[in-house]
Amino acid sequence: MTRRRAAPRASVLVRLVLAAVLIPVAAPADDVVTLDLVGWVEPKCEISRFGNGGNRLEFTVSGSGSIPFEIDCNVPMQIKLSSEHGALVNARYLQLAGNADRWAARWPYRATVSIDEIGFRESAASADLLGGVVWSTGREIPFQTGADLTVELEDSATPLVAGSYEDVIRITVSPDPSAGGV
């Protein structure tokens, strides 16, 4: 019979322990602490990798070339494209060019920036790049995204003098303040 008495005592003890655990204990109002949590992520917009081991495009009489790069932004961005000369120029003959408009030492081109992942594609004539053009990605944010710069040579209205032609294109990415990119 001792066994029967032990079972009800254990059951009562388990019930008391469960009741103590399940009944909430009211804390006095003075013991309540409110904690405000605030975080900040620094805005960033950068070109993280450019080209495939080089940053030079070479052309022959006609054609186009493309160079890949990566953009890593955590805000909507602006992208600025600018050109040093506004065309490929033959520096050796540039001062002599124009000889009654029979030949030229400037070779115009069209530059296009594409960021496929966010549906961005903008293009400008090299002459417009002389002052720089600025485009916005709108509300799109290019997190670690691949992009391309494509340069397409245009037909010259006049014959080009022989020699080497060069230009420098600068690509600048930055947060877009008009789209909330601080």
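Note that the structure is a prediction, hence the values are computed from the model and not measured.

About the thresholds
- Counting starts from 1 at the beginning of each chain's written sequence and moves along it residue by residue.
- At least 70 in pLDDT is required for a residue's local features to be given in this predicted model, at least 80 for side-chain atom pairs to be given and counted, and no such filter applies to totals for whole chains, interfaces and linings, which use all residues.
- Hydrogens are left out, water is left out, and the side-chain values use all remaining heavy atoms of the structure.
- For two strands to pair, DSSP has to find at least two bridges joining them.
- Helix and strand assignments follow DSSP, with helices taken as H or I runs no shorter than four residues and strands as E runs no shorter than two, numbered in order from the N terminus.
- Here an axis means a line fitted to C-alpha atoms, over the contact stretch when the element is a helix, while the angle between two N-to-C directions is reported on a 0 to 180 degree scale.
- Accessible area is worked out with a 1.4 Å probe on protein chains only. A residue is then buried under 20% of its type maximum, exposed over 50%, and partly exposed in between.
- Residue contacts are counted whenever heavy atoms from the two residues lie within 4.5 Å of one another.
- Throughout this description, the term salt bridge denotes a Lys or Arg side-chain nitrogen within 4 Å of a carboxyl oxygen of Asp or Glu.
- We call a pair of cysteine sulfur atoms a disulfide when they lie within 2.5 Å.

Draft legend 1. Representation of the sheet that holds strand β7 (residues 120-125) within the structure. In space, the five strands of this open sheet follow the order β1-β2-β9-β6-β7, with antiparallel pairing throughout. Both edges of this open sheet fall to β1 (45-50) and β7, since each of them pairs with a single strand only. Neighbour to neighbour, the strand axes of the sheet diverge by 25° on average, direction disregarded. Across six bridges, the pairing between strand β6 (residues 109-115) and β7 is antiparallel.

Draft legend 2. Quick peek at unusual backbone geometry. Located in the positive-phi region is Q144, a residue other than glycine, with phi close to 30°. Inspection of the secondary structure puts Q144 in the loop between β8 (133-136) and β9 (145-153).

Draft legend 3. Geometry of the sheet that holds strand β3 (residues 77-83). The antiparallel open sheet is built from three strands, whose spatial order is β8-β3-β10. With one partner strand each, in any of the chains shown, β8 and β10 (169-175) form the two edges of the open sheet. Between one strand axis and the next, the sheet turns through 20° on average, direction left out of account. In the sheet, β3 pairs with β8 via four bridges, with the strands oriented antiparallel. Bridge pairing in β8 places K80 opposite V134.

Draft legend 4. Main features of the environment of A179. Mapping A179 onto the fold places it in the segment after β10. Under the relative-accessibility criterion, A179 is labelled partly exposed at 27%. It is 6.3 Å that separates the C-alpha atoms of A179 and R139, two residues lying 40 residues apart in sequence. Those residues within four positions of A179 in sequence are excluded, and the remaining contacts are P76 and G138.

Draft legend 5. Just the pattern of salt bridges, in detail. Under the counting rule described, the total for this entry stands at four salt bridges. Between K44 and D72 there is a salt bridge; the shortest N-O distance is 2.8 Å. On the criterion of sequence distance, the pair formed by K44 in the loop between α1 (2-22) and β1 and D72 in strand β2 (residues 64-73) is long-range, its members being 28 residues apart. Its relative accessible area of 9% is what places D72 among the buried residues.

Draft legend 6. Local environment of the state of the cysteines. Evaluated as defined, the whole model comprises one disulfide. Between the sulfur of C45 and that of C73 lies a disulfide, 1.9 Å long from S to S. As the torsion about the S-S bond is roughly 65°, the C45-C73 disulfide counts as right-handed. Placement of C45 in strand β1 and of C73 in strand β2 is noted, with a sequence separation of 28 residues between them. One exposure class covers both C45 and C73, and it is buried.

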